[in-house]
Each structure stands twice: as structure tokens, then as C-alpha cells.
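One-letter residues, chain by chain:
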Amino acid sequence: MPKPRVLIVDDEPSVRQSLTLILKDQYEVLAAATGQGAFDVLTTTPVDVVLLDILLPGMDGLEVLEKIKQRVPSPQVIMLTATKTVKTAVRAMKLGAFDYVTKPFDVEELLLLVERAVQSAALVQEVEHLRAEVGQRYSFENIIARSPKMQEILRTVARVAPLKTTVLITGESGTGKELIAKALHYHSPRAHRPLVTLNCAAIPENLLESELFGHERGAFTDAHARKLGQFEFADQGTIFLDEIGEMHPSIQAKILRVLEQGEFIRVGGNQPIRVDVRVIAATNRDLHEGMREGRFRLDLYYRLNVVSIHIPPLRERREDIVPLVQHFLALKSRELGIPEKTFSNEALDLLLGYSWPGNVRELENVVERAMVLSPHRIMEPSDLPEYIANPRQTQFHPAQQSVLRGETRLSEAVDQFEQELIRRALEQAQYNQTRAAEILGTTRRILKYKMDKLGIRPEGPEA
Ligand SMILES: Nc1ncnc2c1ncn2[C@@H]1O[C@H](COP(=O)(O)OP(=O)(O)OP(=O)(O)O)[C@@H](O)[C@H]1O
Ligand SMILES: [Mg+2]
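Quick caveat, the model's predicted, so the values are computed rather than measured. (Residues numbered from 1 in each chain as written. Chains lettered and ligands numbered in written order. Predicted model: local features only at pLDDT ≥ 70, side-chain atom pairs only at ≥ 80, totals over all residues.)

Further remarks concern the domain arrangement of the protein. In terms of domains, the protein is made up of domain 1 (5-133), domain 2 (144-310), domain 3 (315-389) and domain 4 (398-454). The C-alpha-based centres of domain 2 and domain 4 are spaced at 56 Å. (Domains from an automatic or database assignment.)

Here we come to the pairing of strand E4 (residues 76-81). Among the six residues that make up E4, six are buried, leaving the element largely enclosed by the rest of the structure. Judged by which residues are buried, E4 turns out to be covered on both faces: Gln 76, Ile 78 and Leu 80 on one side and Val 77, Met 79 and Thr 81 on the other are all buried. As paired elements, E4 and strand E5 (residues 99-102) share four bridges and run parallel to each other. Bridged to Met 79 within E5 is Tyr 100. (Buried ≥ 20, exposed ≤ 12 C-beta atoms within 10 Å, placed from the backbone. Helix = DSSP H or I, 4+ residues; strand = E, 2+ residues; numbered from the N terminus. Pairing = 2+ DSSP bridges.)

Among the nonpolar cores identified, the biggest contains 58 residues, and Ile 169, Ile 180 and Ile 239 are the most heavily contacted of them. At six residues, the largest contribution of residues to this core is made by helix H15 (residues 359-373). Looking at which domains feed residues into this core, each of domain 2 (144-310) and domain 3 (315-389) gives three or more. Every residue in contact with Ile 169, bar those within four places of it in the chain, is listed here: Lys 177, Ile 180, Ala 181, Ile 280, Ala 282, Ile 309 and Ile 311. (Core = buried A, V, L, I, M, F, W, Y, C linked by C-beta atoms within 7 Å. Contact = placed C-beta atoms within 7 Å.)

Turning our attention to the pairing of strand E13 (residues 278-283). Extensive coverage of E13 is indicated by the burial of six of its six residues. Going residue by residue along E13, you find Arg 278, Ile 280 and Ala 282 tucked away on one face and Val 279, Ala 281 and Thr 283 tucked away on the opposite face as well. Summarising the sheet, strand E6 (residues 167-170) and E13 pair through four bridges and their orientation is parallel. For Ile 169, the partnering residue across the bridge sits in E13 and is Ala 282. In the sheet, strand E10 (residues 238-242) pairs with E13 via four bridges, with the strands oriented parallel. Following the sheet pairing, Ile 239 is matched in E13 by Val 279.

This part is about unusual backbone geometry. With omega at -5°, the peptide bond leading from Lys 103 into Pro 104 counts as cis. Within the element layout of this structure, Pro 104 appears in the loop between E5 and helix H5 (107-137). Within the chain, Gln 236 stands out as a residue other than glycine whose phi angle is a positive 70°. Mapped onto the secondary structure, Gln 236 falls in the loop between helix H9 (230-233) and E10. Even without being a glycine, Tyr 431 presents a positive backbone phi close to 65°. Among the structural elements, Tyr 431 can be located in the loop between helix H18 (410-428) and helix H19 (433-440). When the 16 C-beta atoms within 10 Å are taken as the criterion, Tyr 431 is described as partly exposed.

Before going further, it helps to examine the packing of H19 against helix H20 (residues 444-454). Packing of H19 against H20 leaves a shortest axis separation of 9 Å and a crossing angle of 95°. In terms of axis orientation, H19 runs roughly perpendicular to H20. In this structure, H19 uses Gln 433, Thr 434, Ala 436, Ala 437 and Leu 440 to contact H20, whose residues at the interface are Arg 444, Leu 447 and Lys 448. (Axes fitted to C-alpha atoms, helices over the stretch in contact; angles between N-to-C directions. Parallel < 35°, antiparallel > 145°, perpendicular 65-115°, else oblique.)

Okay, structure coming up:
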């Protein structure tokens, strides 16, 4: 571990010397005599803690403090003050100083304070780092969107993310609704504030209201203390109400109030509480049906639906399948520490042909499972689940299905199948029978015989 860095800014050489002596065992100590000197150091060397004299020649200590706090990452600042400038030191705390010490220093006290400031600086750096990392995960490069439909969705996300507009996201389970909600938050000015996610279907109806809005002490039997609701935690940030279609109409009315008036009342309370929260909602249910059946309030629907994003099921955007597979191959190998693997062409064809009722989440699981279980670097159909590797049951032609249901005789279905193929081949060959026979891998004589038998006219529809 390298020693944490401390920068001393004081115009008196004796103060710089004595502080250096006190700190140099535990810290790497740098010193500057003026504000400008401090910035020269800070632009070249990352520093954890600054000890800053409140009275400096040239630029005043408070001014220096303000400028230091604008830097990212910003070090913790401890103000050095004389008794007569304690008032100023208090002002400094409001500007973001960590603490202050009065000269002459008590060595023990000073060391303790610097140590606490160093720990706090480390924490701030870690939070900044984590937030940047989380945000990165929802950056556009990590959202696969090759299909025109998904590209349009990303354009919408980019356009509305910076605004406070409510967004309603719809789509089947596993299509990426939560991913889009997070992308909206992390591309907004609220990105450095919390994103609170609440699954309305997972919380019993009688608890949902207090979960959302909090409750006062004594609001009900178990309410032993005041509890803050998720709307309060999300202040200045975003709340993501997942599966909003499951929300009880009485709570829907309260959500509407927050959306329209920016305030709510805790359960058992009487004071309205103001918050600044952006609401993003998602559902895999048909809200129109909910409205027809009286389960979903019309007024809330219109209020939520200011911007709506519908994510189509994966089977309606097959262009996304291969890039998603590649994305998950790389991601899982990193996350699970598995060497990179790929799918053979046969295996990819099966993945492309499958209907993906569980959408992207199902695809993600299939890729992960194959990577974990397969001993091969190039994964084959045998590394896929049985229902994907052997899609016999599901990929029957309608004529085949009608045979199996006993509605059509086999010979009829075969004739129908042959007829269809011959018609297609003739079309493709512009009714040149020799070429059509070639396409079908047969002779012109046999083709002619079959055409007569099946009643296919040789000259095409317009003749
Ligand atoms: N376009 C995409 N690019 C990369 N990953 C995706 C994409 N779409 C979805 N995913 C991933 O697929 C998984 C499922 O997505 P998500 O949880 O957002 O779906 P959902 O619509 O909220 O599902 P549910 O309705 O079941 O809650 C997540 O791991 C998500 O990161
Ligand atoms: Mg979800």
C-alpha cells in the first residue's frame, strides 16, 4: 500500500516544517506556500487530504477551498485557523471542508483528524469509482441493438433521458425493460443520485403503500418507529416502479398525486412531503386490458404514458440474436472467469431458429449454461438444452401438424408439400422447366411427370 498523500498549504515556512515533521512518518507530505502553488501540485499529483491555511496571500483560503472542491476527484480539506478566524472556519465547513483545527495544534488531535479525513477520502473515491462502473454497465455500448427497432429505442432513450419526463416501458418478460430503465437513469443528470427499484408485484398490497411513502410511528400495530418510504430515498433521483400493472388502484391514486403535485403523505401522517423524483414504470401486462377491466386507472395511465417505449420480443428482432450471443459470450467469460468460447455454426443456427419465449433473459441463461457445462472451446448443438437442440416437436410444417392431428392423410400432405416446392422452383426459374428441374435436383422428365400428376400448369399464372 502506498502512503496516503497530504498537501500542506500555508505561507509560513515554520508551520509547513512542523506539520511535515508530524505527518511524514505516516504520509507522503507535499507543501505549497500559496493557493496557486497548491493548484500546481494538485494538477500533477493526486492528493487525499489538504491542510489549508485560512489566511493566505493572494488567493484567500476560502476561494482556494471552493476551487479544490470543484475538482474530480476532490480531496478532503482540513482548514488551519487561528482562534480569531473560527467564524470563517465554520463558513468553510459549509463550503465542503472536512473539518478545521485551530493553531497552535494539538499533535494527537491533528493526527486523528488527518487519519479520519484520509479514510473519508478513500470512501468518496470508492463510491465515485463504483458509480462510474455501474453507470458504464448501462452505457449504450453494453446495450445490444442491431435491429432497427432497438436502435429506435436507443435513440428515444438518448432523447428523453436528460428530461424529467415519466416513461412507461412495456414488453414481454425478459425483453430488457429494467435495462432500459437503468440506461435512462444513468444517462440523466440524476445519474449521481439514487435509482430506487421497486417491484410492485413482489410486495404484498397492504405493505406497498408504506414501502413507497413510509409511515409515522404508531400508524399501525407494528409501526414502532417512523420509517422513510422509497420516494424519500429517491429524492433528486429516479424511482423505477416495476410491474406497475399489479399495483392496487388505491395506491395508483397516490402515485398519481406524486406525479401531479410532487408530494405525498406518509401512512398515518398528515404533513405533505415534497420530493423531486423522476418516475419510470414498466409492465409486461396489457394496461389497456387492465383499464377495460377497471384494474388500472385511466388517469394514471395517461400520466405515465407521456413517453412510452415498447420493447419487441426477441423473435421479432432476430438480427439481435447473434450480437447478443457474442455479447454474453464475452461478458460471461469475464464475469465467471471462464476462457472465451464460441458456438459452432450448427449451434448458432439452432439459436437463431428458436422462438425465445423468455426473450433475452432466456438467451443469456442458455449461453451461460452452455459455457459452464461444455468442456469444448467450440460449443456444439449437444451443448444446448434438448428443446433447442432437437426442435422436432415445435418446428413442424402446418401440413405435417395436420397429418399428426389425423386431419389429413400422409399422401395428401406429401402431395401438397411437393406441389409447393415445384411451384416455388418454377417461379425461381421463370418457368424454365430445365432450370427448375436442376434446382430440385431432378430431371426435366420427372418434373414434367409430377407436374401433370399434381395438376401444375407449365406456363405460370399470367399465361
Ligand atoms: N439489448 C440488450 N443488450 C444486452 N443485454 C440485454 C439486452 N436486453 C436485455 N438484456 C439482459 O437480459 C436480462 C433481462 O433483462 P431485464 O431484466 O431488463 O428484462 P425485463 O424486461 O425487466 O424482464 P422481466 O419482465 O422479467 O422483469 C438482463 O440481464 C439484461 O441485462
Ligand atoms: Mg424486470
